Amino acid sequence: MKKYIFITIAAISILAVGCKKEVAPIDEPTPIENNVIEEQPIAGEDMVTYSFTIDNKDLKSTLDNEGHFAWVTGDHIAIYNETSTSYVDFEVKSVDGSGNATIEASASPGAVWTNAIYPAARATGSGNAVDYTVTTVSGPILVSKVDGQNLNFKYLGAVANIRVDGVPGTPTTLTFTANSNVFGSRTFSWSGDSPVLGGSGSQASITVPFTNATIISVPIPQVSYTGGFTIAVKNAGGRILYKKTTTNTFDMSSKKLLPMPTLTYEAPTKYYVKTVSASGYWDRGCVRMIQTGDNTYNVQMNCDGGTDVYIFDNYNIGNETTGYLNKGHVDGGNFYEISWNTSTSSGGPNYISGTRDYPFFHDAYPVGEHEMSLSGSFNSWSHDANPFTYNLNMSWSLEGLTIASAGTYTFKIRKNNSDWSYAAGGNSGLGSSLYGSLKGDNGDASINLAAGTYNVYLNATSDWYYNIMFEKQ
């Protein structure tokens with residue numbers, strides 16, 4: 001005997017607020033009224049087709065920034081059948097012009113239903129858990145008790161609405177990363193008619209499908225996102241095409257919708273090298289490449305024999321061996337120039353000479369911690385006011401150079417003592433480009449700097465030349 005069972009489910013609606021304002025609590029979904037159950041016997045099969053009629057005005061199963069949620073044909077809702085100890089997948093079969101939807105599924109007679117979960121792909125456990133690790137669906141998580149034949153969906157957790165426009169390179173997913181482990185597979189329970197997310201998270205991120213210029217609704221637990229969060233848009237291979245981090249705290253403990261302002265794609269601006277070899281002797285994890293032209297970057301460094309050389313951008317720090325722009329390989333342990341051209345998307349390692357334990361094969365060269373300094377008219381030519389940190393393998397960095405007022409400044413690099421040993425200055429003026437080359441003990445270099453704070457990067461190359469780059473923070 002095959003039966004049809006019809007149940008009416010009320011519409012779901014919430015309230016939202018504008019961008020960058022405190023997010024107000026969201027109204028709970030409207031309870032069900034006047035549920036109607038009808039049974040129509042159909043001979044021939046020992047199954048029951050359960051058909052739920054959903055009354056709603058809108059025709060999309062997304063949560064927009066005005067807080068409207070609705071269903072669309074093809075949506076799936078999982079309802080747990082205690083008799084078979086498994087979920088049954090209900091599909092929205094139709095939505096009429098008034099917003100009334102019908103969902104159907106077949107199950108054995110005598111089903112005992114407990115909880116309903118939307119989207120069905122996130123249902124896990126024994127009718128009382130949701131899985132944030134599923135990457136195939138986005139949108140809010142809704143749950144309902146099955147009290148007799150009555151369903152009353154409620155929001156489980158909150159939603160962050162995120163839109164990014166103009167991401168190139170065939171983006172496929174968006175990852176939301178919090179500063180603590182709030183995601184994973186988590187149980188839920190009921191406090192009266194309100195669902196309560198339980199358990200603890202096992203991971204800090206959730207990944208959902210991404211489409212350019214579309215609001216992506218990301219389900220998130222109702223907690224305080226202290227220190228903000230990061231979003232990353234990736235392609236199918238796992239390379240991060242766009243990343244954005246906010247450090248603002250968003251307390252979603254009692255709120256359910258976080259509408260974010262629309263983000264527009266910004267290209268990466270920093271490039272790095274990671275080297276990986278069997279011995280690990282010369283390996284470096286995140287070497288900053290120095291700009292040498294409008295579209296060119298390079299760094300010169302030692303590599304051991306059998307080294308993989310990864311070039312990556314600032315969006316893929318920590319994701320180097322998956323999100324690289326270029327992967328090269330060297331068989332010999334030597335000194336190499338590693339280059340990258342952003343306009344042609346080409347580059348890689350090129351042999352220069354044998355390995356150099358010290359810059360320029362000079363074993364007395366000052367490479368210890370803070371043995372080199374930046375000395376110039378911006379710090380009264382002090383030899384120790386702005387020391388470099390030696391990062392091994394021919395590279396230095398200096399953070400926090402303060403420029404009080406805009407102007408043209410002269411400078412040299414020098415050993416951190418008062419006798420001007422190992423000094424290097426002007427090969428050509430850097431001007432306002434903020435990058436260029438220095439030549440050992442060849443006069444003063446000059447640069448045009450706006451007021452502000454700078455990081456400075458230095459790389460010893462060959463024949464007592466250096467590449468240097470100033471980066472305004």
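My aim in this report is to walk through the structure given alongside it, one point at a time. If you're wondering where the values come from, they're calculated on a predicted model, not measured in any experiment.

Looking at the overall build of the protein chain
Logical step 1: Broken down by element type, the protein chain carries zero helices and 41 strands.
Logical step 2: Taken over 473 residues, the protein chain has a buried fraction of 48%.
Logical step 3: Carbon and sulfur atoms form 46% of the exposed surface of the protein chain, whose accessible area is close to 20100 Å².

Quick notes on the sheet that holds strand 27 (residues 290-291)
The pairing of strands in a sheet comes from backbone hydrogen bonds and takes either a parallel or an antiparallel form.
Logical step 1: Here we have four strands laid out as an open sheet, ordered 27-28-31-32, and antiparallel in their pairing. Each edge of the sheet is formed by a strand with only one pairing partner; in this case those strands are strand 27 and strand 32 (346-354).
Logical step 2: Relative to strand 32, strand 31 (residues 334-341) is paired through eight bridges, and the arrangement is antiparallel. Opposite Asn 341, over in strand 32, you have Ser 346 as the bridge partner.

Things to note about the pattern of salt bridges
When the charged atoms of two side chains lie near each other, side chains of opposite charge can form a pair.
Logical step 1: One pass over the full model with this rule turns up five salt bridges.
Logical step 2: Look at the salt bridges and you will find they share partners, linking Lys 270, Arg 288 and Glu 471 into a network.

Concerning the sheet that holds strand 30 (residues 326-330)
Logical step 1: Spatial strand order, 26-25-29-30: four strands in an open sheet with antiparallel pairing. Across the chains shown, the open sheet's two edge strands, defined by having one partner strand only, are strand 26 (287-288) and strand 30.

A look at the packing of aromatic side chains
Logical step 1: The final tally for this structure, using the stated rule, is 25 aromatic pairs.
Logical step 2: When the ring of Tyr 242 is compared with that of Tyr 265, the centres are 6.1 Å apart and the planes differ by 50°; the resulting orientation is tilted. Residue Tyr 242 is found in strand 21 (residues 240-246), and its partner Tyr 265 is found in the loop between strand 24 (263-264) and strand 25 (271-276); the two are separated by 23 residues along the sequence.
Logical step 3: We classify Tyr 265 as partly exposed; its relative accessible area is 24%.
Logical step 4: Over the ring of Trp 420 we find Arg 414, and its NZ or CZ is 3.5 Å from the ring centre.

Side note on the pairing of strand 29 (residues 307-313)
Logical step 1: Burial runs high along strand 29: six of the seven residues are buried.
Logical step 2: Examined bridge by bridge, strand 25 and strand 29 share six bridges and lie antiparallel to one another. Residue Val 276 lies in a different strand from strand 29, and its bridge partner there is Asp 308.
Logical step 3: Here strand 29 runs beside strand 30; their pairing, made up of five bridges, is antiparallel.

Here we look at the nonpolar core
Logical step 1: Judged by nonpolar contacts, the single largest core of 40 residues is most densely connected at Ile 162, Val 164, Phe 176, Val 218, Ile 220 and Tyr 225.
Logical step 2: Secondary structure elements with two or more residues in this core: strand 12 (158-162), strand 14 (171-177), strand 17 (205-209), strand 18 (216-220), strand 20 (229-235) and strand 21.
Logical step 3: A total of four residues in this core trace back to one element, the largest contributor, which is strand 20.
Logical step 4: Leave out the neighbours within four places in its chain, and Tyr 225 touches Phe 176, Ala 178, Val 182, Ile 220, Asn 248, Thr 249, Phe 250 and Met 252.

Brief notes about the environment of Thr 173
Logical step 1: Here Thr 173 is to be found in strand 14.
Logical step 2: For Thr 173 and Thr 211, which are 38 residues apart along the polypeptide, the C-alpha to C-alpha distance reads 7.8 Å.
Logical step 3: In this view, Thr 173 contacts Thr 207, Val 208, Pro 209, Phe 210, Ala 232, Val 233 and Lys 234; residues no more than four positions away in its chain are not counted.

Some details on the environment of Asp 131
Logical step 1: Along the chain, the position of Asp 131 falls in strand 8 (residues 129-131).
Logical step 2: Considered as a pair, Asp 131 and Arg 186 are 55 residues apart in the sequence and their alpha carbons are 6.4 Å apart.
Logical step 3: Residues in contact with Asp 131, not counting those within four places in the same chain, are Arg 122, Thr 124, Gly 184 and Ser 185.
Logical step 4: Here Thr 133 takes part through its side chain, which lies 2.5 Å from a polar atom of the side chain of Asp 131.

A look at the environment of Thr 453
Logical step 1: In this fold, Thr 453 is placed in strand 40 (residues 452-460).
Logical step 2: Note on Thr 453: relative accessible area 32%, which makes it partly exposed.
Logical step 3: Taking the C-alpha atoms as reference, Thr 453 lies 4.6 Å from Thr 402; in sequence the two are 51 residues apart.
Logical step 4: In this structure Thr 453 touches Gly 400, Leu 401, Thr 402, Glu 471, Lys 472 and Gln 473, once residues within four positions along its chain are discounted.

As for unusual backbone geometry
Logical step 1: Residue Pro 119 follows Tyr 118 across a cis peptide bond; omega there is -5°.
Logical step 2: Although it is not a glycine, Phe 361 adopts a positive phi angle of roughly 60°.
Logical step 3: You can see Phe 361 is positioned in the loop between strand 32 and strand 33 (372-376).
Logical step 4: For Phe 361, a relative accessible area of 53% translates into the label exposed.

Criteria and cut-off values
- Residues numbered from 1 in each chain as written.
- Predicted model: local features only at pLDDT ≥ 70, side-chain atom pairs only at ≥ 80, totals over all residues.
- Heavy atoms only, no water.
- Helix = DSSP H or I, 4+ residues; strand = E, 2+ residues; numbered from the N terminus.
- Buried < 20%, exposed > 50% of the residue type's maximum accessible area, 1.4 Å probe, protein only.
- Areas by Shrake-Rupley, 256 points an atom, 1.4 Å probe, with all protein chains shown as cover.
- Pairing = 2+ DSSP bridges.
- Salt bridge = Lys/Arg side-chain N within 4 Å of Asp/Glu carboxyl O.
- Phe/Tyr/Trp six-rings, centres within 6.5 Å; stacked < 30°, edge-to-face > 60°.
- Lys NZ or Arg CZ within 6 Å of the ring centre and 35° of its normal.
- Core = buried A, V, L, I, M, F, W, Y, C linked by side-chain atoms within 4.5 Å.
- Contact = heavy atoms within 4.5 Å.
- Polar contact = N/O pair within 3.5 Å; in protein donor to acceptor, adjacent residues only side chain to side chain.

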